[in-house]
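These are the residues of each chain, in order.
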Amino acid sequence: DNRGTNDPTRNWNQHGTDVPHRKGKPTAKTTMLRTVKLNSMAGEIRFAEDIQSIRDECKACIDDLGEQPIVYKCWIKACAKVALAEEAEEVFNLLISKNLQTPGIKVYGKVAEAYAKKGDPDGVIRWIGKMQENGFKHNRITQNLLLLAYAQAGDFETAESILDSMRRGVGGGGEGIQIKGEESGGSGGDVVVQQESSGDHLEFLPDYVAITSLLHAYSQADQPKKAYQLFRRMQRDRMHVDLYAWHSVMDAWVRAGELAKAESIFEELKRLARNSNSNDLMPNERTYSIIIKGCKLAKADRYWEEMRRQNIEPDEYVLQAISSVYVDTIKQPDLIIAKLKSLEESLMKGNNRSAAEYPGLWKNYLRAYCGIQQPQIA
């Protein structure tokens, strides 16, 4: 085996569980079907812990099909989705070392995306520098990745500065943005806004992913006013505002203890959903979990019943929210247990799932029994 020690494929054929090497040359159809499947898997991955299935499929594809650039690109794509930046860079370097294909701007962009989702602006700047070194221009996509990186890192001042500069760059004679990283002669962390001549400026519009990431970051950082202002700005600019954005601004007000303001947003969402006849904006179980967690007992029950009347199946988040309300607001321990049992019974009616599939409910059972000093039952 003449593969280098840093090559992740080095030991792939040394274990009995590995897919045997395919005999003969694979057909074009076989190659296409396998790589389409791999690309689909990479696009659907949601959590970093699921990356092993992608690694395994990449391994199987290379064992069966031979070295294919698309396999490494799919691997990088999956890493980008779940913010595994170091692994994305390692696979990129592997692709380069094998001389299979010169990576295009999209592949560079995926590595930068991994660093952006990780909340590593320096990593994004470094990759933009690499792109420029290889003849690719800093563009709208990479600029949005930089905005995303600063939002994820909680550096709101820089994120807001980039956002404002991007907006000023739209239209004749506006400002554009140039990035200088280590590879392009900068310090490795400079964000330089420079004046561009009319007609030659960088028309960088903020995209939905970057904007909503900043909105969500405001929510998580307990800055509801900024979240609300950005949300309204998105609406004024006629940007696509989906449930995720509505949830973020609702959650921001709930976290701040401003339930009335969260409810106002919720009612606005329901009216919009009814008037637009759009299923994409219909409140779902996540919507109700956000509003319920900010409620006292009576109002939480009202929202729970409203959700059930609409045949919305409660998920773990809703169960966690409403059972936490019971434990936190009911003063009589026996009544807490009774409410939790009633909740459990209502879930089991017409539901094929078992109560054991709702760990949030059982967590609050434990809290209740420990609170009334019955540790043996807990």
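Computed from a prediction, not measured in an experiment: that's the story for all the values here. (Residues numbered from 1 in each chain as written. Predicted model: local features only at pLDDT ≥ 70, side-chain atom pairs only at ≥ 80, totals over all residues. Heavy atoms only, no water.)

**Q** Describe the overall build of the protein, with residues and values.
**A** Secondary structure assignment for the protein yields 17 helices and 2 strands. Residues counted as buried form 44% of the 378 residues belonging to the protein. Summarising the internal contacts of the protein: among those between residues at least 6 apart in sequence, 63% fall at separations of at least 24. Total accessible area on the protein is roughly 19,300 Å²; 48% of this is exposed by carbon and sulfur atoms. (Helix = DSSP H or I, 4+ residues; strand = E, 2+ residues; numbered from the N terminus. Buried < 20%, exposed > 50% of the residue type's maximum accessible area, 1.4 Å probe, protein only. Contact = heavy atoms within 4.5 Å. Areas by Shrake-Rupley, 256 points an atom, 1.4 Å probe, with all protein chains shown as cover.)

**Q** Explain the packing of helix α6 (residues 121-133) against helix α7 (residues 140-152) residue by residue, including any values.
**A** Here α6 crosses α7 at 165°, and the two axes come no closer than 8 Å. Judged by the angle between their axes, α6 and α7 are roughly antiparallel. Here the hand of the crossing between α6 and α7 comes out left-handed. Within the contact between the two elements, α6 uses P121, V124, I125, I128 and M131 and α7 uses T142, L145, L146, A149 and Y150. Within the contact of α6 with α7, the residues separate by chemical class into 9 nonpolar, 1 polar and no charged. (Axes fitted to C-alpha atoms, helices over the stretch in contact; angles between N-to-C directions. Parallel < 35°, antiparallel > 145°, perpendicular 65-115°, else oblique. Left-handed = near helix turned anticlockwise from the far one by under 90°. Nonpolar A, V, L, I, M, F, W, Y, C, P; charged D, E, K, R; others polar.)

**Q** Break down unusual backbone geometry for me, with residues and values.
**A** One non-glycine residue, D222, adopts positive backbone phi at about 55°. Looking at the secondary structure, you find D222 in the loop between α9 (208-220) and α10 (224-236). Phi is positive for R238, which is not a glycine, with a value near 55°. Here R238 is to be found in the loop between α10 and α11 (243-255).

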